[in-house]
Amino acid sequence: MEGPITIAIIAITSFISWRAFENHDLFHKLKNNPFTVKHSKEYYRIFSHALIHGDWMHLIFNMFVIYGFGTQIELVFTNQEVFNRLFPEIPFWGNALGILYFLILYIMGIAVATLPSLQKHGDDFGYNSVGASGGVSAIMMAYMIMFPTKYIAFFFIPMPGYLAVPVFFLLEYIMGKSRRTNIAHDAHIWGALFGIAFIFALNVDFLTNFIRVVRVAIGL
């Protein structure tokens, strides 16, 4: 079975999101409300908000992206041959550790993505956020850092990973500054930054390789 952990995440998230569409009490119990996190110590919301989404389009888009990138990242961490090639300095201690790496990348991407909202809106009871975008951004960015020459359909436009990385951050920054949507673009940015940091922590050579690929592409 391709990407069983990724499939499990999609199945669980889709089921709980679907239930929360109909059950408003469940939705309000799981959403990220920085005021409640800060003043009522409901820290579980830092993670639980990723299990629910604003609407079907939000859910489908996130699950589509995590399927496309998550299955590939899961393969990297759980296939000994691929893992040893990409992370030669780290012993491969079996699928269990690979799964742990994958879950850390996803779950901590979700948590780190909430940091801006916790800082900015800790005293704002009316601010809420939902969705797995932080973890999805972490996984997507990890893939593009590890495979910078692979082409992806970024916003349905084919481009190599080394180009998609700066385009992602530029678009998220611009859209975040425009404030024309209720999307937490800063959460996307922080989740993506965690994905980059996680891969560099496992093998810093990915940093030098990414820089080399960019220099070759622009002719330096």
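Residues numbered from 1 in each chain as written. Predicted model: local features only at pLDDT ≥ 70, side-chain atom pairs only at ≥ 80, totals over all residues. Heavy atoms only, no water.

## Re the overall build of the chain
In step 1: Within the chain, the regular secondary structure consists of 12 helices and two strands.
In step 2: Counted from the first residue to the last, the chain has its helices and strands arranged as α-α-α-α-α-α-α-α-α-β-β-α-α-α.
In step 3: Its C-alpha atoms give the chain a radius of gyration of 18 Å, within 12% of the compact-globule value 17 Å for 220 residues.
In step 4: Each of the three principal axes of the chain carries a C-alpha extent, and together these read 50 × 40 × 30 Å.
In step 5: Going through the 220 residues of the chain one by one, you find that 47% of them count as buried.
In step 6: Restricting to contacts in the chain with at least 6 residues of sequence separation, those with at least 24 account for 70%.
In step 7: Taken as a whole, the chain presents about 11900 Å² of accessible surface, with 66% of it coming from carbon and sulfur.
In step 8: Separation between the mean location of the 14 positive side-chain charges and that of the 13 negative ones in the chain comes to 7 Å. (Helix = DSSP H or I, 4+ residues; strand = E, 2+ residues; numbered from the N terminus. Rg over C-alpha atoms; globule rule 2.2 N^0.38 Å. Buried < 20%, exposed > 50% of the residue type's maximum accessible area, 1.4 Å probe, protein only. Contact = heavy atoms within 4.5 Å. Areas by Shrake-Rupley, 256 points an atom, 1.4 Å probe, with all protein chains shown as cover. Lys, Arg positive; Asp, Glu negative; His and termini not counted. Charge placed at Lys NZ, Arg CZ, Asp CG, Glu CD.)

## So, the packing of helix α10 (residues 161–178) against helix α11 (residues 185–202)
In step 1: Where α10 contacts α11, the axes come no closer than 8 Å and their chain directions differ by 155°. Regarding the angle of α10 to α11, the classification is roughly antiparallel. Crossing of α10 against α11: the hand is left-handed. Residues F168, F169, E172, Y173, M175 and G176 of α10 form the contact with α11, whose participating residues are H185, H188, I189, A192, L193 and I196.
In step 2: Considered class by class, the residues forming the contact of α10 with α11 number eight nonpolar, three polar and one charged. (Axes fitted to C-alpha atoms, helices over the stretch in contact; angles between N-to-C directions. Parallel < 35°, antiparallel > 145°, perpendicular 65-115°, else oblique. Left-handed = near helix turned anticlockwise from the far one by under 90°. Nonpolar A, V, L, I, M, F, W, Y, C, P; charged D, E, K, R; others polar.)

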